[in-house]
Amino acid sequence: MAVAAIVVATNLEADESQISETRRALANQSYPADFVVLAESIQAGLADLAAQFPDVTIDWIWPLSAGMQPVEGALAGLLEATEKSPSATWVVPKLVRKGNEREIEEYGLTVTRAWNPISPVSAELDQAQHDDKEDFLAATLLGSLIRTDALREAGFGPRKSNDLTNDFRLAIWMRLSGHRVHAAPNARVAVSSASVGHAAKTPLQLRKTQIELFASYTNPLFALLGGLLAPVAAVVYSLWLVLVKRPERIPSTLAAGFWWFGTSFAIVARRPKLSSAQRSGLKSLRVLFATREDIQRSIRAKVEQPAAIAEAETEASEQSAGFLASGGFWYMLLLAAVSWQLWPKDVAVSGGAALPLGDSLAQLFSHAGASWQRSGFGIAAPSDPFAWVLFALGLVTFWAPSFSVTLLLFLAKPLAFASAWRLLSLVTRRRGLITVGALAFAFWPALGAAAQQGRVGTVLALILLPLFVFTLSRILQFGSSPRRSVQAWTWVGTSALLAAVISASAPSLTPLLAVVILLLAIYRFKRIGYLIWLPVPLLVVWIPFGWYVAVGQAQPLALLTDPGAPMGAPKLSFLQILLGAGDSTLFAPWSGYLGAVILAIALFATLTRRSWTAMLLWLALLAAVASAWVFNNVCFIQQQLPGSSTAESANLGSPYALAGLAGLIAAVLLVIALDSAPKALFGLGASLSLLATASIAALFFLQSSSLSWGDGTSMPALVLAQAQQNPNTTVLELEPQPSTTDLQVAAATLVPGSGLHLQDVSTAYAAALSKVSKTDPRYGQLGQLAADLISANGTDVDKGLKKFGIDYLLVPNSGSAAMLGASLDTVSQLEPVGVTDFGRLYRVKSSKVTHRGTPWEWSITKQVQVAVLALFALLAIPTRRRAGAGSGSGQEDFDAFEAEFEGEGN
């Protein structure tokens, strides 16, 4: 019985060292091969053997890839298997890892019910647990012992499919022809990891193999139909991959789907020619298909990594238990009690920068990502990114969207505490110290001032900022005890959405955070594959708006304007911002003491073992304070109200978001300083921090709020009733300018009949107003109409009222309301309705009012934004997987389903 070894090397010069390794291993065999040839392929090797040894009958060939190292006794083990099973024509060794012959890389191949190829044994220590196997469905040809007469009978030769597909087809043909693909547990061939077989194939190659096998052994009509539907199925399945946190498989899934669509007829044409008897024998092969145990073992070996899963789940449970054990819930209740002045007295809150939201989620969604702004006479401009944030807030209390804003302001301190606690748990494991740092951030004056002034965006950004830093640290593998997380893609999805929300809510944070992320990406370049996805949602919602404002309107500074109702900010000194940026209330001077104590203790962080980290954090803190000071000294142009025909107002930028960022950094530095302090100094520092925090809590408790609460309506009931029937109902608000008794100088504002809401405020419209008011004559005509109405000079105003589609006039309650009302009472085209809670109301008598049409609310921009945000939301949904072999729960079915259709190791 003659055995010939064929060493396959596609590049003889480049593979010279690997060829030498294989030749040495062949020479050291206890039972050496009779002949050894070097060839570029197995087919070429067979031809060389026939040419060199024409009179010798070669019974078996042993093809080996250059670099393979058969362990001593490998060929003897293969031949031993042939003696035990004479019907075996394909004998399969264990492919083991080079340098560790006890670790199995591959031992036979099989497929799932969907013809997905998997390696049932991979990355396992060989403890003879698989030595009872006798038959395989298929195996990698390289390294196996093959009987030459069976090869000739199978018509072995070059094929257009990849090697893995050809190996499966050859093995299946042999089994259908009465041969056996037999196991040789005593034979080992050492290979480099991912060098041959299943592990060496790219995800796309594995997908193609699955498709070709499916087309080869199923009804050809099914194969053609599958190819026709493949692109749609690939897109739908890509959404599933996002949900199960395998987005890296999406490119191969889409590529394979479109490849199948384009080559479906060619794939069917390459089907192996089988006799009717062989076709009928296909069902008998199903006993060799992958079992559930095979699938789960494959998942655990190639994807799951049970130890990492258990570690990640333990970490999450420890953090949750630590928060509750440290009294976190009771601290949150205490913080809520301290915030009594922000208690939701009704559904909606207004005042300062706050306005009620729309009555329904449909209204919020129509404004998010819109390309048309209804302010004034309407303008083709992208909506603010903050509109998406408002829609997300509305989802929290979907039955009453405005209530989410009311709750947010009331729970600002408790939520900020919990968020900071999660971040600080990465800095130290001392729960009491974490609580001290979290309380310091919760009572940082900037957060309190933002909540008191109704700055919804700033409050939300400061609450989410610690969570963003936490998720970013998980991606970068930072922390006091770094752990390997199997939920990396969940962190990516969460971080990306948090970055978009924070940037949209507090635009002033965007430049500084972008620089920090860029520096971290350079520092942790090996994680760049994850980090590059973080800015995607942010860019998608910002690019249309940013291009319009910065390029189209040449007002780049307007991009940094805080969202919300226009509101100026007090001008603060650098020291005031450094100490927390308290507002201008009676207790503002005292609020700086908390910042002074925290910063004084934080200085000692530079003397600890984490001094370099502390110094970098101090640089970031000073950069945040400096940026806030510069921002506070820049004037931003904002309209007074959406739709106003009057002049614009210049407001100072708000420093509270950047000052809050500085406060978060100060809390981290505080924890670092106290964590490394001696016991006596630790007690002193913690006591001083708590004392300063308690004093600020007392001052905050005594403060009163300038905000007001109501049911969210900002229009009289009569107007709201008509607006429900006709969304185009329009109200003209007339109000004298402040500090004047001259009724000729009045603000004329067009307001929707449903009232003015927070989502109606448009920075894009404000940036364009100076140009639009000069180029659009309607603004001047509206001002003239207001003057004619106020003067009651007998001028016919009916034409102007019809032109602008005005249904009602409203004179808000003010000192001059009675005087202005007396003037309007003489206008014949107006019918006085009466004095309402919102002012004096007049109805336009004309019944033939021409209303403005409502533009189509969907656009390509909005569709892209919805798609991207939805994908990242799916990515952010946590997916838990169990490390064990399964306990008969639905998790087993999930794992089996995933391996069945995704492809193990893809």
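Definitions and limits used
- Residues numbered from 1 in each chain as written.
- Predicted model: local features only at pLDDT ≥ 70, side-chain atom pairs only at ≥ 80, totals over all residues.
- Heavy atoms only, no water.
- Helix = DSSP H or I, 4+ residues; strand = E, 2+ residues; numbered from the N terminus.
- Buried < 20%, exposed > 50% of the residue type's maximum accessible area, 1.4 Å probe, protein only.
- Contact = heavy atoms within 4.5 Å.
- Areas by Shrake-Rupley, 256 points an atom, 1.4 Å probe, with all protein chains shown as cover.
- Pairing = 2+ DSSP bridges.
- Salt bridge = Lys/Arg side-chain N within 4 Å of Asp/Glu carboxyl O.
- Core = buried A, V, L, I, M, F, W, Y, C linked by side-chain atoms within 4.5 Å.
- Axes fitted to C-alpha atoms, helices over the stretch in contact; angles between N-to-C directions.
- Parallel < 35°, antiparallel > 145°, perpendicular 65-115°, else oblique.
- Left-handed = near helix turned anticlockwise from the far one by under 90°.
- Nonpolar A, V, L, I, M, F, W, Y, C, P; charged D, E, K, R; others polar.
- Phe/Tyr/Trp six-rings, centres within 6.5 Å; stacked < 30°, edge-to-face > 60°.
- Polar contact = N/O pair within 3.5 Å; in protein donor to acceptor, adjacent residues only side chain to side chain.
- pLDDT = per-residue confidence, 0-100.
- Patch = residues over 30% accessible without salt bridge, like charges linked within 9 Å, V, L, I, M, F, W, Y side chains within 5 Å.

### Quick look at the overall build of the protein
(1) Moving on: Each helix and strand counted, the protein has 35 helices and 20 strands in total.
(2) Moving on: Here the protein holds 906 residues, and the buried ones make up 56% of them.
(3) Moving on: Looking at the protein alone, contacts between residues at least 24 apart form 78% of all its contacts between residues at least 6 apart.
(4) Moving on: As displayed, the protein offers around 38,000 Å² of accessible surface, 63% of which is attributable to carbon and sulfur atoms.

### Some details on the pairing of strand β20 (residues 839–844)
(1) Moving on: Two strands pair when backbone bridges link them, and strand β18 (residues 808–811) and β20 are joined in this way by four bridges, in the antiparallel orientation. Its bridge partner lying in β20, leucine 810 is registered against leucine 841.
(2) Moving on: As judged from the six bridges shared by strand β19 (residues 830–836) and β20, these two strands associate in the antiparallel manner. Residue threonine 836 lies in a different strand from β20, and its bridge partner there is glycine 839.
(3) Moving on: Between the end of β19 and the start of β20, which pair antiparallel, lie two residues.

### So, the environment of leucine 789
(1) Moving on: Summarising the element assignment, leucine 789 is placed in helix α31 (residues 777–791).
(2) Moving on: On the accessibility criterion, leucine 789 (0% relative accessible area) is buried.
(3) Moving on: For the pair leucine 789 and leucine 824, spaced 35 residues apart in the sequence, the C-alpha separation amounts to 6.4 Å.
(4) Moving on: Setting aside chain neighbours within four positions, we find leucine 789 in contact with Leu732, Leu734, Val797, Leu809, Ser823, Leu824, Val827 and Leu830.

### Section: the pattern of salt bridges
(1) Moving on: Throughout the structure, instances matching the rule amount to 17 salt bridges.
(2) Moving on: The residue arginine 147 makes a salt bridge to aspartate 149 at a minimum N-O spacing of 2.9 Å.
(3) Moving on: Judged by relative accessible area, arginine 147 falls into the partly exposed class, the value being 21%.
(4) Moving on: Judged by its relative accessible area of 36%, aspartate 149 falls in the partly exposed class.
(5) Moving on: One salt-bridge network, in which partners are shared between bridges, spans Lys94, Asp126, Asp131 and Arg188.

### As for the nonpolar core
(1) Moving on: Leu621, Leu734, Leu789 and Leu809 are the most contacted members of the largest nonpolar core, which has 177 residues in total.
(2) Moving on: It is helix α27 (residues 656–675) that provides the largest number of residues to this core, a total of 17 residues.
(3) Moving on: Dropping the residues within four chain positions of it, leucine 621 is found in contact with Leu578, Leu599, Ala662, Ile665, Ala666 and Leu669.
(4) Moving on: Counting 46 residues, the second largest nonpolar core, distinct from the first, contains Ala39, Trp115, Val121 and Ala171.

### Focus on the packing of helix α19 (residues 456–476) against helix α20 (residues 488–505)
In a pair of packed helices, the angle between the axes and the distance between the axes together describe the arrangement.
(1) Moving on: It is at 8 Å that the axes of α19 and α20 come closest, and there the two elements cross at 150°. Classed by the angle they form, the pair α19 and α20 counts as roughly antiparallel. The handedness of the crossing between α19 and α20 comes out as left-handed.
(2) Moving on: Counted by class, the contact of α19 with α20 contains 15 nonpolar, six polar and one charged residues.

### Re the packing of aromatic side chains
(1) Moving on: Throughout the structure, instances matching the rule amount to 17 aromatic pairs.
(2) Moving on: Centroid distance phenylalanine 323 to tryptophan 421: 5.4 Å. Interplanar angle 85°. Geometry classified as edge-to-face. In this pair, phenylalanine 323 sits in helix α11 (residues 306–325) while tryptophan 421 sits in helix α16 (residues 412–424), placing the two residues 98 residues apart along the sequence. Residue phenylalanine 323 shares its accessibility class with tryptophan 421, and that shared class is buried.
(3) Moving on: Note on phenylalanine 365 and phenylalanine 391: the rings are 5.3 Å apart at their centroids and 55° apart in plane angle, and the pair reads as tilted. With phenylalanine 365 in helix α13 (residues 361–367) and phenylalanine 391 in helix α14 (residues 386–396), the pair connects residues that are 26 residues apart, well separated along the chain.

### Here's the deal with the side chain of serine 65
(1) Moving on: Its place among the elements puts serine 65 in strand β3 (residues 58–65).
(2) Moving on: Not counting the four nearest positions on each side in its chain, serine 65 is found in contact with Val8, Thr22, Leu142 and Val196.

### Re unusual backbone geometry
(1) Moving on: In this structure, tryptophan 115 is a non-glycine residue whose phi angle is positive, near 65°.
(2) Moving on: With a relative accessible area of 6%, tryptophan 115 lands in the buried category.
(3) Moving on: Unusually for a residue other than glycine, alanine 128 sits at a positive phi of about 65°.
(4) Moving on: With respect to the helices, strands and loops of the structure, alanine 128 is situated in the loop between β9 (124–125) and β10 (145–147).
(5) Moving on: Judged by relative accessible area, alanine 128 falls into the partly exposed class, the value being 45%.

### Considerations on the environment of tryptophan 399
(1) Moving on: Within the secondary structure, tryptophan 399 sits in the loop between α14 and α15 (401–410).
(2) Moving on: Judged by its relative accessible area of 55%, tryptophan 399 falls in the exposed class.
(3) Moving on: Between the C-alpha atom of tryptophan 399 and that of aspartate 359, which follows or precedes it by 40 residues, the distance is 8.8 Å.

### A word on the packing of helix α7 (residues 220–243) against helix α34 (residues 860–876)
(1) Moving on: Contact geometry for α7 and α34: axes closest at 7 Å, N-to-C directions at 45°. Classed by the angle they form, the pair α7 and α34 counts as oblique. Of the residues in α34, those in contact with Leu239, Val242 and Leu243 of α7 are Leu871, Leu874 and Leu875.
(2) Moving on: Of the residues belonging to the contact of α7 with α34, the class tally is six nonpolar, no polar and no charged.

### Regarding the side chain of serine 144
(1) Moving on: Within the secondary structure layout, serine 144 lies in the loop between β9 and β10.
(2) Moving on: For serine 144, a relative accessible area of 1% translates into the label buried.
(3) Moving on: Separated by 2.8 Å, the side chain of serine 144 and the backbone oxygen of threonine 140 make a polar contact.
(4) Moving on: Non-local contacts of serine 144, meaning those with residues more than four positions away in its chain, are made with Ile61, Trp62, Pro63, Trp90, Val91, Val92, Pro93 and Ala139.

### Considering the pairing of strand β5 (residues 88–97)
(1) Moving on: For β5, the tally of buried residues reaches nine of ten residues, placing the bulk of the element in the interior.
(2) Moving on: Summarising the sheet, β5 and strand β11 (residues 180–191) pair through eight bridges and their orientation is parallel. Bridge assignment links valine 96 to a residue of β11, and that residue is alanine 190.
(3) Moving on: Of the pairings in the sheet, the one linking β5 to β10 comprises two bridges and is antiparallel in character. When the bridges of β10 are listed, valine 91 appears paired with leucine 145.

### With respect to the confidence of the model for the protein
(1) Moving on: Looking at the protein, pLDDT values average 81 and 85% of them are 70 or higher.
(2) Moving on: Across residues 480–486, where pLDDT falls below 50, the model places 17 contacts with residues more than four positions away in sequence or in other chains.
(3) Moving on: pLDDT under 50 marks residues 638–650. Its contacts with residues more than four places away, or in other chains, come to 55 contacts.

### With respect to a nonpolar patch on the surface
(1) Moving on: On the surface, Leu225, Leu228, Leu229 and Phe261 cluster together to form a nonpolar patch covering roughly 400 Å² of accessible area.
(2) Moving on: Note on placement: phenylalanine 261 falls in helix α8 (residues 250–269).
(3) Moving on: When its relative accessible area of 43% is taken as the criterion, phenylalanine 261 is described as partly exposed.

### Details of helix α3 (residues 74–84)
(1) Moving on: Buried residues of α3: Ala74, Leu75, Gly77, Leu78, Leu79, Ala81 and Thr82, and no others.
(2) Moving on: Check the buried side of α3 and you find it contacts β1 (2–8), β3, β4 (69–70), β5, β10 and β11.

### Description of the environment of alanine 624
(1) Moving on: As for its position among the elements, alanine 624 is in helix α26 (residues 611–632).
(2) Moving on: Between the C-alpha atom of alanine 624 and that of proline 655, which follows or precedes it by 31 residues, the distance is 9.6 Å.
(3) Moving on: Not counting residues up to four positions away in its chain, the partners in contact with alanine 624 are Leu512, Leu658, Leu661 and Ala662.

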